[in-house]
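Each chain is listed here by its residues.
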Amino acid sequence: MVVALMLGREGSRGFPGKNTYPVLGRPMMGYPLLAAKSAKLVDDIYVSTDSDNIKNVAHEYGAKIIDRPLELATKEALGEDAFAHGFHCISEQLGSPPDLMVLLFCNAPTILAKTIDEGIRILLEDPSLDSAVTVSAYNMWSPIRARKEGPDGLLQPFVSFEAFGNLKAVNCDRDSQGDVFFADMSVSIVRSRCLEDLNFGILPQRWMGRRIFPLKQWGGCDVDYSWQVPSVEYWLRDHGFTESKTPYSF
């Protein structure tokens, strides 16, 4: 059994209403729902939320609802705890844990059905893997380039350069250190064991476990600010979406 679980909550300080914000004429959360609905290997779809607006959109796309507890819907609440809560609710409804969970976010529209199916197949073929997650290469945001403000108000390395080992080949060219992949939050396909014990996983996204397979794409992101919407629209158009059509058959 493969079950998709998407998270979204009512409150957002940086971009109020982002989860249902119209993108190419559809609510932002509609894109991950379309991907899960169109994936051949996903058996069921749930949305965990405290928002009536999100619940209404979820129903339109045929998803089932999990009422997200208020303590898991605050700004301080962690997504990993909401995923674990949803997983346990689903397991209780089914009578046993699903084999795989397809974890999505309402504000992460850069995902396709074929990518979800690819990740599921990879996990089914290799039982040693804990998860398969989408990643995008953002070399301009390498930890080598990261800085923080020091006590004197000046910039210093965010991570000590000694942690990177030999840096002789690194220079001001953003690609000199090789590709730097970030989990872009478009999808995490995980085994049940990852959600049964979050302490098993590694920070910062502990639901991914330890043996994580990269599903490489470009431009993936979860939207936290309105200025990100144009880049998401570009990504969607490049992948076959317009205001009047989708790359899916229905």
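Structure: see above.
Report on the accompanying structure. In this text, all values refer to a predicted model and were calculated from it rather than measured experimentally.

Re the overall build of the protein
Scanning the protein for helices and strands turns up six helices and 11 strands. Against the compact-globule benchmark of 18 Å for 250 residues, the protein has a radius of gyration of 19 Å, which places it among compact chains. For the C-alpha atoms alone, the extent of the protein along its principal axes is close to 55 × 40 × 35 Å. Burial analysis of the protein (250 residues in total) assigns 48% to the buried set. In the protein, 71% of the contacts between residues at least 6 apart in sequence involve partners at least 24 apart. Of the side-chain charges in the protein, 25 are positive and 32 negative, and the distance between the mean point of each set is 4 Å.

Observations regarding the nonpolar core
If you look at the biggest cluster of nonpolar residues, it comprises 46 residues, and the most contacted ones within it are Val42, Val102 and Ile116. Contributions of two or more residues to this core are made by β1 (2-7), α1 (30-38), β4 (44-49), α2 (52-60), β6 (100-105), α4 (113-125), β10 (181-191) and α6 (229-238). Apart from residues lying up to four places away in sequence, Val102 is in contact with Val2, Val3, Ala4, Leu5, Val42, Ile116, Ile120, Val187, Ser188 and Ile189.

Some details on the state of the cysteines
On inspection of all chains with the given rule, the structure shows zero disulfides. Between Cys89, a free cysteine, and Cys106, which holds the nearest cysteine sulfur, the sulfur-to-sulfur gap is 16 Å. Among the residues examined, Cys89 registers a relative accessible area of 22% and is labelled partly exposed. Of all cysteine sulfurs in the structure, the one in Cys221 sits closest to Cys106, which takes part in no disulfide; the separation is 14 Å.

Description of the pattern of salt bridges
Considering all chains together, one arrives at six salt bridges under this definition. As a salt-bridge pair, Asp44 and Lys64 come within 2.7 Å of each other at their nearest N and O atoms. Taken as a pair, Asp44 in strand β4 and Lys64 in strand β5 (residues 64-67) lie far apart in primary sequence, 20 residues in all. Owing to a relative accessible area of 15%, Asp44 belongs among the buried residues under this scheme. The salt bridge partner of Arg193 is Asp130, with a shortest N-O separation of 2.8 Å. Here the residue Arg193 occupies a position in helix α5 (residues 192-196), and Asp130 occupies one in the loop between α4 and β7 (131-137), the gap between them amounting to 63 residues. Judged by relative accessible area, which is 3%, Asp130 ranks as buried.

Description of the side chain of Asp117
By the secondary structure assignment, Asp117 is in helix α4. For the buried Asp117, no salt bridge is present, and the opposite-charge side chain at shortest range is Arg121, 4.8 Å distant. Contact partners of Asp117, with chain neighbours within four places excluded, come to Ala39, Lys40 and Leu41.

Digging into the packing of aromatic side chains
Under the counting rule described, the total for this entry stands at 11 aromatic pairs. Centroid distance Phe15 to Tyr21: 5.1 Å. Interplanar angle 65°. Geometry classified as edge-to-face. Exposure remark for Tyr21: the relative accessible area of 34% places this residue in the partly exposed category. Ring pairing ties together the aromatic residues Tyr31, Phe241 and Tyr248, which thus form one cluster. Sitting over the face of the ring of Phe158, Lys148 holds its NZ or CZ atom 5.8 Å from the ring centroid. Over the ring of Phe200 we find Arg210, and its NZ or CZ is 5.9 Å from the ring centre.

What counts as what
Residues numbered from 1 in each chain as written. Predicted model: local features only at pLDDT ≥ 70, side-chain atom pairs only at ≥ 80, totals over all residues. Heavy atoms only, no water. Helix = DSSP H or I, 4+ residues; strand = E, 2+ residues; numbered from the N terminus. Rg over C-alpha atoms; globule rule 2.2 N^0.38 Å. Buried < 20%, exposed > 50% of the residue type's maximum accessible area, 1.4 Å probe, protein only. Contact = heavy atoms within 4.5 Å. Lys, Arg positive; Asp, Glu negative; His and termini not counted. Charge placed at Lys NZ, Arg CZ, Asp CG, Glu CD. Core = buried A, V, L, I, M, F, W, Y, C linked by side-chain atoms within 4.5 Å. Disulfide = S-S within 2.5 Å. Salt bridge = Lys/Arg side-chain N within 4 Å of Asp/Glu carboxyl O. Phe/Tyr/Trp six-rings, centres within 6.5 Å; stacked < 30°, edge-to-face > 60°. Lys NZ or Arg CZ within 6 Å of the ring centre and 35° of its normal.

Geometric values such as these leave the question of function open.
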